[in-house]
Amino acid sequence: MSTTTSSEQRKDPELGSPVSAAPSSSKRLLSIDALRGFDMLLIAGGGTFLFLLEGKTGIGAIDWMANQLTHPAWNGFTFYDFIFPLFLFIAGVSLTFSLNKGKAMGLPNSTLYRKTFIRMLILILLGIVYKNSPIPFFEPSQIRLGSVLGRIGLATFVATLFYLNMDFYKRLASGLAILLLYYAALYLIPVPGYGAGDLSFEGNLVGWFDRTFLPGRLLQGTYDELGILTQIPSLCLTLFGTLAGEILGKAWLDKRKGQYLAIAGVAGIALGLLWSLHFPINKHLWTSSFILLTTGMAFLFLLMFYWIIDVWHIRKWAFFFQVIGLNSLTIYFAYSFIDFGYTSKKLFSGLYAPLPEDWYPVFQAFGAFLLVWVFLYLLYRLKIFVKV
């Protein structure tokens, strides 16, 4: 993990390879940082105050938004299900620029493999720390190995192998093939006591595989959605992200980039919905239909951010998200290890004391979010960016 300042060479955000540009002068697309910031805001809990608004305003639209910030119990889909897949997709988009930069610097593939492999190991370790703090060192059976950061690291490493050895169409075909094989496995491989094709919480192949082969604590006791088998379809999001990154990186496609991103987005959503007629959309199982649906949505969100920010150059609004996107790892850990809610209550509770008591958690969460953003803004002004 590295911390860069204005007096140092800035590290490449994905690989850690040295480049001389600061964030303000980098050739990296601002839209990617802004989209990452938007996504990271919700991953880290920045939307908590919106969720807490449910039932308090009497406004149906706000209640609907609040309901979209929860996960379905099993099958189904809400916007909150899209947040982590979007980050995996963005990781693939950014990866193409990082690897291309490394190749332009003359780095051999072996060096790029090594850098992404080391990054993967660091993210896996950080993920274990994040999910288990305080770590039960003397009770290893209570340590959860599956994590968001570990999944990002592994998916990025595998996507690196694919990107450096396959062209655009081979990566597309490989991703679709992986989703088909995962679909076949869940329907054809029998689970002891349940048989084949059981997609219930108790009888699915993913849960049985985790119970049998994944040591430590499982999130749901007998199942972990960040376990072993779900890693296979989820890495396709990063793999498909490299396709989007390649589209954005082709100068000769400038006039048609939006068209290609739009086609990919619509196709992904349509195929995901069609597949869901037999293979339900389910984030807990990371079903193939779920992967295609969220991939399609990710293409369209990338298109929206890219077109507004980098084509139309309407950029002022993006600064809010850019500050977060440039320190995504910082905000992820800050929300977990720093009690911004306590500080928010100490600083702001006097302002909302006259309001009904059931509104206190809303304003406390909003104040915590403001404090986090100010903290990240100060790091931005000081040109301190924590990267792996």
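Residues numbered from 1 in each chain as written. Predicted model: local features only at pLDDT ≥ 70, side-chain atom pairs only at ≥ 80, totals over all residues. Heavy atoms only, no water.

1. Description of the nonpolar core
One recurring pattern in soluble globular proteins: nonpolar side chains tend to sit buried together.
Here is step 1: One finds Leu-35, Phe-84, Leu-261, Ile-291 and Leu-302 to be the most contacted residues of the largest nonpolar core, which totals 92 residues.
Here is step 2: With 13 residues, the top contributor of residues to this core is helix α11 (residues 288-311).
Here is step 3: For Phe-84, the contacting residues outside a window of four places in its chain are Ile-43, Val-148, Arg-151, Ile-152, Leu-226 and Trp-286.
Here is step 4: Among the nonpolar cores identified, the runner-up in size contains 6 residues, and Leu-95, Leu-112, Ala-159 and Leu-164 belong to it. (Core = buried A, V, L, I, M, F, W, Y, C linked by side-chain atoms within 4.5 Å. Buried < 20%, exposed > 50% of the residue type's maximum accessible area, 1.4 Å probe, protein only. Helix = DSSP H or I, 4+ residues; strand = E, 2+ residues; numbered from the N terminus. Contact = heavy atoms within 4.5 Å.)

2. Focus on helix α9 (residues 231-249)
Here is step 1: Compared with the 27 Å implied by 1.5 Å per residue over 19 residues, the 27 Å span of α9 between its first and last C-alpha is a close match.
Here is step 2: Across the 19 residues that make up α9, a large majority, 17, are buried. (Expected span 1.5 Å × (residues − 1).)

3. With respect to the packing of helix α4 (residues 80-104) against α9
Here is step 1: Interaxial distance between α4 and α9 falls to 6 Å at its minimum, and their mutual angle equals 45 degrees. The pairing of α4 with α9 is recorded here as oblique in orientation. Where α4 crosses over α9, the two elements pack in a sense that is right-handed. Within the contact between the two elements, α4 uses Pro-85, Leu-88, Phe-89, Ala-91, Gly-92, Val-93, Leu-95, Thr-96 and Phe-97 and α9 uses Ser-234, Leu-237, Thr-238, Phe-240, Gly-241, Thr-242, Ala-244, Gly-245, Glu-246, Leu-248 and Gly-249.
Here is step 2: For the contact of α4 with α9, the class distribution of residues is 11 nonpolar, 8 polar and 1 charged. (Axes fitted to C-alpha atoms, helices over the stretch in contact; angles between N-to-C directions. Parallel < 35°, antiparallel > 145°, perpendicular 65-115°, else oblique. Left-handed = near helix turned anticlockwise from the far one by under 90°. Nonpolar A, V, L, I, M, F, W, Y, C, P; charged D, E, K, R; others polar.)

4. A few points about the packing of helix α7 (residues 168-188) against α9
Here is step 1: Contact geometry of α7 with α9 gives a least axis separation of 9 Å together with a crossing angle of 160 degrees. Viewed along their axes, α7 and α9 adopt a mutual orientation that is roughly antiparallel. Once α7 is placed against α9, the crossing between them reads as left-handed. Contact with α7, carried on its side by Phe-168, Arg-171, Leu-172, Ser-174, Gly-175, Leu-176, Ile-178, Leu-179 and Tyr-182, involves Ile-232, Pro-233, Leu-235, Cys-236, Leu-239, Phe-240, Thr-242, Leu-243, Glu-246 and Ile-247 of α9 and no other residues of that element.
Here is step 2: Among the residues forming the contact of α7 with α9, the class breakdown is 14 nonpolar, 3 polar and 2 charged.

5. Regarding the side chain of Asp-210
Here is step 1: Tracing the chain through its elements places Asp-210 in helix α8 (residues 205-213).
Here is step 2: Here Asp-210 occupies a buried position and makes no salt bridge, while the nearest side chain of opposite charge, Arg-151, is found at 7.3 Å.
Here is step 3: Among residues more than four places away in sequence, those in contact with Asp-210 are Leu-218, Asp-224, Gly-227, Ile-228 and Leu-229. (Lys, Arg positive; Asp, Glu negative; His and termini not counted. Salt bridge = Lys/Arg side-chain N within 4 Å of Asp/Glu carboxyl O.)

6. Points about the packing of aromatic side chains
Here is step 1: Taken as a whole and judged by the stated rule, the model has 43 aromatic pairs.
Here is step 2: Ring geometry for Tyr-352 against Tyr-360: centres 5.4 Å apart, planes inclined by 55 degrees, an arrangement best described as tilted.
Here is step 3: Given the relative accessible area of 5%, Tyr-352 is considered buried.
Here is step 4: Just above the ring of Trp-286 sits the side chain of Arg-151; from NZ or CZ to the centre is 5.1 Å. (Phe/Tyr/Trp six-rings, centres within 6.5 Å; stacked < 30°, edge-to-face > 60°. Lys NZ or Arg CZ within 6 Å of the ring centre and 35° of its normal.)

7. Considerations on the confidence of the model for the chain
Here is step 1: Predicted confidence across the chain gives a mean pLDDT of 88, with 92% of residues reaching 70 or more.
Here is step 2: The secondary-structure element of the chain with the lowest mean pLDDT is strand β3 (residues 18-19), recorded at 32, while α7 shows the highest, at 97. (pLDDT = per-residue confidence, 0-100.)

8. Considerations on the side chain of Asp-224
Here is step 1: Its place among the elements puts Asp-224 in the loop between α8 and α9.
Here is step 2: Residue classification places Asp-224 among the buried positions, given a relative accessible area of 0%.
Here is step 3: A distance of 2.8 Å separates polar atoms of two side chains, one belonging to Asp-224 and the other to Arg-144.
Here is step 4: A polar contact is formed between the side chain of Asp-224 and the backbone nitrogen of Leu-219, at a distance of 3.0 Å. (Polar contact = N/O pair within 3.5 Å; in protein donor to acceptor, adjacent residues only side chain to side chain.)

9. So, the pattern of salt bridges
Here is step 1: In the structure shown here, the tally under the stated rule is 6 salt bridges.
Here is step 2: Residue Asp-224 pairs with Arg-144 through a salt bridge whose shortest N-O separation is 2.8 Å. Taken together, the residues span a long stretch of sequence, with Asp-224 in the loop between α8 and α9 and Arg-144 in the loop between α5 (109-132) and α6 (148-165) at a distance of 80 residues. Residue Asp-224 shares its accessibility class with Arg-144, and that shared class is buried.
Here is step 3: Where salt bridges share partners, they join Arg-171, Glu-246 and Lys-250 into one cluster.

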